[in-house]
Amino acid sequence: MRPSPTWWILGDGALGRLFAARLTTTLSLHLIGRRAAASPLRYHAPCGETHEVDVARTTLATQALHTYARPALVVLATKSHATLSAVEELAAHVVPQTPLLSLQNGFSIQPRLAETWAGPVLCASTTEGAYVEGDAGVVHAGTGTTWVGDIHNAWPTLARDCAYWLNQAGFSAYHDAAIIQRLWHKLAINAAINPLVARYRIRNGQLRDQPFRRMVDTIIDEIGPLLEGEGIIPPPAGWHTLVWEIIVATANNRASMLQDVLADRPTEREAILGPLLAAAKRQRCSTPILETLYHDTPS
Ligand SMILES: NC(=O)C1=CN([C@@H]2O[C@H](COP(=O)(O)OP(=O)(O)OC[C@H]3O[C@@H](n4cnc5c(N)ncnc54)[C@H](OP(=O)(O)O)[C@@H]3O)[C@@H](O)[C@H]2O)C=CC1
Ligand SMILES: CC(C)(CO)C(=O)C(=O)O
């Protein structure tokens, strides 16, 4: 194994805790939240087992954090709309060239980070599913695949290195030179799943039942051609298979947008549905299903 680097994870929520609980076993890891929090984390594995995992949970203001080695990479595990301000706070604590790994859903924050951050900005498209439980718990509700790349494909070695460490921690992670395609595929998945489960307050797997099954299929029928009109290559097995496979794999998960609605927090409606509505406008095509979905989803 290679010498372990130091990574920080910014955002002590569902995905931040999941990545921290796994990565802390293989590298030097600090999980940074807005408030001081206790360790260990209670990690509920997909197989049903619970593990107490010692994770260094801290805040940017904690002096002790700065006595450790500087981070070789910072994983951004905040919501899309909270990411720019989180990165502004982060900037005062790391060297400007520090690589970032954006875990955000949608296609909104990634180009903005790439434009504004001086160092490399890697993007991940992940179908891992997790939700928080209390102040120190995380339920790993579904295992998936994580693709890593950068939107200009300028940092392939760094992206491969990042995938290596994710694999060491037990994730299935790969470098993808065409990460933009992958991010749009994930956006199609989130557009078909998240607004519906948030509106009807159901777990992902319940979308398999009527009337939701028909709703999902209707959304996919509208999104597929729209994305192809933007030059996105359809997944090899087709849009429907792509979405339904994730619904099955994350059947037990409460999707991130449902968690936001339940906790009365802002949702990622703009990051997920905004780019699709902008594409419809560009292509001058009518998308009544997406428009209804947008209006029915809290912002
Ligand atoms: N959960 C999932 O299954 C999946 C999520 N994703 C994506 O990953 C990203 C993170 O999602 P998820 O983990 O569910 O979100 P959560 O809301 O659970 O976690 C986000 C965390 O970011 C923290 N945060 C916000 N602003 C700051 C800041 N300035 N500094 C430090 N921490 C901050 C929040 O803190 P506070 O509580 O104080 O607001 C919160 O703990 C989203 O873009 C989501 O779409 C992708 C795939 C799956
Ligand atoms: C993969 C999926 C749909 C898991 O629920 C997700 O990305 C989310 O919750 O936002």
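Given the structure is predicted, the values throughout are model-derived calculations rather than measurements.

Brief notes about the side chain of Thr58
Relative to the assigned elements, Thr58 resides in strand E5 (residues 56–58). Ignoring sequence-local partners within four residues, the contact set of Thr58 consists of His30, Leu31, Ile32, Gly33, Arg35 and Leu65.

Examining the site of ligand 2
Around ligand 2, a shell composed of Asn105, Lys186, Asn190, Ile193, Asn194, Asn204, Asn253, Ala255 and Ser256 is seen. Within the contact set of ligand 2, an oxygen atom lies 3.0 Å away from a side-chain nitrogen or oxygen of Asn190. Relative to its free-state accessible area of 280 Å², ligand 2 is covered by the protein chains to the extent of 95%. Ranked by residue count, the leading element in the shell around ligand 2 is helix H5 (residues 179–200), at four residues. For the shell around ligand 2, a count of residues per class yields two nonpolar, six polar and one charged.

A short note on the site of ligand 1
Near ligand 1 there are 27 residues, and of these Leu15, Arg34, Arg35, Asn105 and Glu268 occur at the shortest range. Within the backbone of Ala14, a nitrogen or oxygen atom sits 3.0 Å from an oxygen atom of ligand 1. Note that a nitrogen atom of ligand 1 is positioned 3.4 Å from one of the side-chain N or O atoms of Glu89. Burial of ligand 1 by the protein amounts to 90% of the accessible area it has alone, namely 900 Å². Of all the elements in the fold, those that place two or more residues in the shell around ligand 1 are helix H1 (14–23), helix H2 (80–91) and strand E9 (129–133). Element by element, the count of residues in the shell around ligand 1 is highest for H2, at four residues. Per-class residue counts for the shell around ligand 1 are eight nonpolar, 10 polar and nine charged.

Points about the pattern of salt bridges
When charged atoms on two side chains of opposite charge get close, those side chains can pair. Across all of its chains, the model carries eight salt bridges by this definition. Across the salt bridge formed by Arg199 and Asp296, the nearest N and O atoms sit 3.0 Å from each other. Highlighted residues: Arg199 in helix H5 and Asp296 in helix H10 (residues 288–296), separated in sequence by 97 residues. Overall, the relative accessible area of 44% leaves Arg199 in the partly exposed class. In this structure Asp296 comes out as partly exposed when scored by relative accessible area, which is 35%. Across the pair Glu270 and Arg269 runs a salt bridge whose closest N-O atoms are separated by 3.4 Å.

Thoughts on the sheet that holds strand E3 (residues 41–44)
The strand order E4-E3-E10-E9 describes an open sheet built from four strands, whose pairing is mixed. A single partner strand is all that each edge strand has here, and the edge strands are strand E4 (50–53) and E9. Recorded for the sheet is a direction-independent mean angle of 25° between the axes of neighbouring strands. Bridge count between E9 and strand E10 (residues 137–142): five bridges; the pairing is antiparallel. Opposite Tyr131, over in E10, you have Val139 as the bridge partner. Its contacts with the sheet place H1 against E3, E4, E9 and E10, and it is angled at close to 100° to E9.

Conventions used here
- Residues numbered from 1 in each chain as written.
- Chains lettered and ligands numbered in written order.
- Predicted model: local features only at pLDDT ≥ 70, side-chain atom pairs only at ≥ 80, totals over all residues.
- Heavy atoms only, no water.
- Helix = DSSP H or I, 4+ residues; strand = E, 2+ residues; numbered from the N terminus.
- Contact = heavy atoms within 4.5 Å.
- Near = heavy atom within 4 Å.
- Polar contact = N/O pair within 3.5 Å; in protein donor to acceptor, adjacent residues only side chain to side chain.
- Areas by Shrake-Rupley, 256 points an atom, 1.4 Å probe, with all protein chains shown as cover.
- Nonpolar A, V, L, I, M, F, W, Y, C, P; charged D, E, K, R; others polar.
- Salt bridge = Lys/Arg side-chain N within 4 Å of Asp/Glu carboxyl O.
- Buried < 20%, exposed > 50% of the residue type's maximum accessible area, 1.4 Å probe, protein only.
- Pairing = 2+ DSSP bridges.
- Axes fitted to C-alpha atoms, helices over the stretch in contact; angles between N-to-C directions.

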